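Descriptive analysis of the structure
Each chain is listed here by its residues.
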Amino acid sequence: MSEPILVVEHLKQYFKINRNYTVRAVDDISFNIYPGETYGLVGESGSGKSTTGRSIIRLYKPTSGKIIFNGHDISDKMDKQTTKELRTNMQMIFQDPMACLNPRKKVVDIIGEGLDIHKNYSSIEERNEKVYEMLELVGLSREFASRYPHQFSGGQRQRIGIARALIMNPDLIIADEAISALDVSIQAQVVNLMKKIQKETGVSILFIAHDLSMVRYISDRIGVLHLGHLVEAGTSDEIFNNPLHPYTKSLLSAIPQPNPKVEKQRKSYTYDYNTSGIDYHKGTEHYVSDTHYVLATDEEFAQWSK
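Here's what I pulled together on the structure shown here. Given the structure is predicted, the values throughout are model-derived calculations rather than measurements. (Residues numbered from 1 in each chain as written. Predicted model: local features only at pLDDT ≥ 70, side-chain atom pairs only at ≥ 80, totals over all residues. Heavy atoms only, no water.)

What the 8 strands build is an open sheet, ordered 6-7-8-3-9-10-12-11; its pairing is mixed. Both outer strands of the open sheet, strand 6 (90–93) and strand 11 (284–287), are each paired with one neighbouring strand and no more. On average, adjacent strands in this sheet sit at an angle of 20 degrees to one another, irrespective of strand direction. The pairing of strand 6 with strand 7 (residues 172–176) spans 4 bridges and is classified as parallel. Looking across to strand 7, one finds that Met90 is bridged to Leu172. Set on the sheet, helix 2 (residues 80–89) makes contact with strand 6 and strand 7; between it and strand 6 the angle comes to about 40 degrees. Sitting on the sheet, helix 10 (residues 246–253) is in contact with strand 9 (221–226) and strand 10 (229–235), with an inclination near 105 degrees to strand 9. (Pairing = 2+ DSSP bridges. Helix = DSSP H or I, 4+ residues; strand = E, 2+ residues; numbered from the N terminus. Axes fitted to C-alpha atoms, helices over the stretch in contact; angles between N-to-C directions. Contact = heavy atoms within 4.5 Å.)

Shown next, in the form of structure tokens:
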């Protein structure tokens, strides 16, 4: 394997609510992403997925832990050079395609905003040409460049968000629930578009979602997040064919099957952390294979591996 493009080590992100109460949104997680791969981060709402993405791109200052991106430590104060490296080579696609696009700007200025900030062009014609190329890459016509966000459908707006992220030619894109606000047929289009762009540009993707079937389709490796802990991680096949953690099993058992006969037989498996007797703070990483590990104590691991 080549060197990882992103290394996250023991990342913690806490939010102090008042003197007596602190929310531990992300509690000591570690993973890496390699060049050209898609890493899927899954879990229910409130498990810390979006917070992880926002901490990595430094919208939040991490409470503790290390984030190494392209060999640069971006977890603490950054110098000018490192900040520029982060702002150009890591981009984010947000969940709500309407909320993250400025309603008063035309599409040409929304997509070209990164170029304007970092002065990555020599003439206005060159800038506009780059924007037109991006629009065509994401399957939109160049005529759309003079329109405003409210004149587009949800799927088209998300494509504009993807174009805005891609125009800086980043090494890593964080897709934060990028498809959850869209219709199912449009979701498939957007995910296929991301796969196609990844093939052409070799960009790495951190794909944050709670739709497991979509994550399986796009991801090379998957990390399962629950209550701020990475409870299981492995390749897509390992997670789907040999899940060990009860939480992973409960997530997988909730996926509806397209075959009515199989769907009738499907049994949902419920998992409640409070009554399960499992304590994530006591667990350590137990490796099932080189790439597949589960967070467990020795006794739990022996029990789940049977």
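On we go from here.
Turning next to the pairing of strand 8 (residues 204–209). It is a general feature of regular strands that their side chains alternate between the two faces of the sheet. Of all 6 residues making up strand 8, 6 are buried, and the element is well covered by its neighbours. The alternating pattern of strand 8 places Ser204, Leu206 and Ile208 and Ile205, Phe207 and Ala209 on opposite faces, both of which are buried. One ladder, built from 5 bridges, connects strand 3 (residues 38–42) with strand 8; its direction is parallel. Counterpart to Tyr39 in the pairing with strand 8 is Leu206. Note that strand 7 and strand 8 share 5 bridges and pair parallel. (Buried < 20%, exposed > 50% of the residue type's maximum accessible area, 1.4 Å probe, protein only.)

In this section: helix 7 (residues 184–201). Over its 18 residues, helix 7 extends 26 Å from the first C-alpha to the last, a length consistent with the 26 Å expected when each residue adds 1.5 Å. Taken together, the buried positions of helix 7 are Gln187, Val190, Val191, Leu193, Met194, Ile197 and Gln198. On an axial view of helix 7, the arc spanned by its buried residues comes to 155 degrees, and they lie on one face. Phi turns positive, to about 75 degrees, at Gly202, one or two residues after helix 7. (Expected span 1.5 Å × (residues − 1). Arc of directions from axis to C-beta.)

Ile111, Ile162, Met194 and Phe207 are the most contacted members of the largest nonpolar core, which totals 62 residues. Dropping the residues within four chain positions of it, Ile162 is found in contact with Ile93, Val138, Val190, Leu193, Met194 and Ile197. Formed by 26 residues, the second largest nonpolar core is a distinct cluster that contains Leu6, Ile57, Leu86 and Leu225. (Core = buried A, V, L, I, M, F, W, Y, C linked by side-chain atoms within 4.5 Å.)

So, about the pairing of strand 4 (residues 64–69). When strand 1 (residues 6–16) meets strand 4, the two strands line up antiparallel, connected through 5 bridges. Note on strand 4: the bridge partner recorded for Val7 is Ile68. The sheet contact formed by strand 4 and strand 5 (residues 72–73) spans 2 bridges and is antiparallel. Bridge pairing in strand 5 links Ile68 to Asp73.

Evaluation of the coordinates by the stated rule reveals 6 aromatic pairs. Ring centres of Phe31 and Tyr39 lie 4.9 Å apart, and the angle between their planes is 10 degrees; this geometry places the pair in the stacked category. Owing to a relative accessible area of 4%, Phe31 belongs among the buried residues under this scheme. With a centroid separation of 5.8 Å and an interplanar angle of 55 degrees, the aromatic rings of Tyr247 and Tyr271 are classed as tilted. Remark: Tyr271 occurs in the loop between helix 11 (260–265) and helix 12 (273–276) and Tyr247 occurs in helix 10; sequence separation between them is 24 residues. (Phe/Tyr/Trp six-rings, centres within 6.5 Å; stacked < 30°, edge-to-face > 60°.)

Another aspect to go through is the pattern of salt bridges. Pairing is possible between side chains that carry opposite charge, provided their charged atoms lie close to one another. Using the criterion set out here, one finds 12 salt bridges in the structure. Where Glu37 meets Arg221, a salt bridge forms, and the shortest distance between an N and an O atom there is 2.6 Å. Of this pair, Glu37 sits in the loop between strand 2 (22–33) and strand 3 while Arg221 sits in strand 9; the two residues are 184 residues apart in sequence, bridging distant segments of the chain. For the pair formed by Glu37 and Arg221, the shared burial category is buried. Arg266 is paired through a salt bridge with Glu263; the nearest N and O atoms lie 2.8 Å apart. Look at Arg266 and you get partly exposed, because its relative accessible area is 28%. Judged by relative accessible area, Glu263 falls into the partly exposed class, the value being 26%. (Salt bridge = Lys/Arg side-chain N within 4 Å of Asp/Glu carboxyl O.)

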